[in-house]
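Each chain is listed here by its residues.
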Amino acid sequence: MKELPTKDNVQKLARDLKAENERFFKQLKKKPPKNLDEIVQSLHEEAFENFDCLTCANCCGSISPMITDKDVERLTKPLRLKPSQVIEQYMHLDEEHDYVFNHAPCPFLMADNYCSVYEYRPKACREYPHTDRRRFSQLLNLTLKNCEVCPIVFMVVEGLKEKLI
């Protein structure tokens, strides 16, 4: 990888490589290696050793997670609101009829990039950037989108190309 991604350049770097990544993922979908999850897990761990999410928080600043009923219920505790109040104050239904936050950045993102409801954050936030999940080959479309948002995802995809091409 020539240039390490940062919060400020990850979108441009990912867009410059989008066609290449789409071709790579198309091949990966057709015939994923048997050890794909192991390779991705290793790249995920390496990327997290080299990048501190608190210097970025681009995910929290630019995209909204899908929020489940369980997430709403969990958020009632730190917010001391009823579920209906949490929804009314912080969320709306998107075009796919999923709850998402009303706006970006996330209403719980603080100036120091910490999350004010970290222990109670939505499941999608807990699992982001999804590069350590099993059956990674099923997440390729999401991964392609996340390449433009998350330097970790960008590094994992670049590492995957280096190992498999």
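A brief look at the structure comes next. (Residues numbered from 1 in each chain as written. Predicted model: local features only at pLDDT ≥ 70, side-chain atom pairs only at ≥ 80, totals over all residues. Heavy atoms only, no water.)

## Observations concerning the packing of aromatic side chains
Right, so step 1: Applying the stated criterion across every chain yields a total of three aromatic pairs.
Right, so step 2: Aromatic side chains Y90 and F108 sit 4.9 Å apart centroid to centroid with 40 degrees between the ring planes, which places their arrangement in the tilted category. Here Y90 is found in helix α6 (residues 83-90), whereas its partner F108 is found in the loop between β2 (99-101) and α7 (123-127), with 18 residues between them in sequence. For the pair Y90 and F108, one class covers both residues: buried.
Right, so step 3: Here the aromatic rings of F101 and F108 are separated by 5.6 Å at their centres, their planes lie at 75 degrees, and the arrangement is edge-to-face.
Right, so step 4: With a relative accessible area of 4%, F108 lands in the buried category.
Right, so step 5: An aromatic cluster of at least three residues, connected via ring pairs, comprises Y90, F101 and F108.
Right, so step 6: Stacked on the ring of Y118, the Lys or Arg R121 has its end atom at 3.8 Å from the ring centre. (Phe/Tyr/Trp six-rings, centres within 6.5 Å; stacked < 30°, edge-to-face > 60°. Helix = DSSP H or I, 4+ residues; strand = E, 2+ residues; numbered from the N terminus. Buried < 20%, exposed > 50% of the residue type's maximum accessible area, 1.4 Å probe, protein only. Lys NZ or Arg CZ within 6 Å of the ring centre and 35° of its normal.)

## Things to note about unusual backbone geometry
If a residue is not glycine, its phi is most likely negative; likewise, a peptide bond is most likely trans.
Right, so step 1: Following A104, the chain continues to P105 via a peptide bond in cis, the omega torsion being 0 degrees.
Right, so step 2: Within the element layout of this structure, P105 appears in the loop between β2 and α7.
Right, so step 3: Going from Y128 to P129, the amide bond is cis rather than trans, its omega being 15 degrees.
Right, so step 4: Position of P129 among the secondary structure elements: in the loop between α7 and α8 (140-146).
Right, so step 5: Of note in the backbone geometry, N113 takes a positive phi value of approximately 70 degrees without being a glycine.
Right, so step 6: The backbone phi angle of H130 is positive, close to 70 degrees, even though this residue is not glycine.
Right, so step 7: Judged by relative accessible area, which is 8%, H130 ranks as buried.

Shape is all these values report; function is a separate question.
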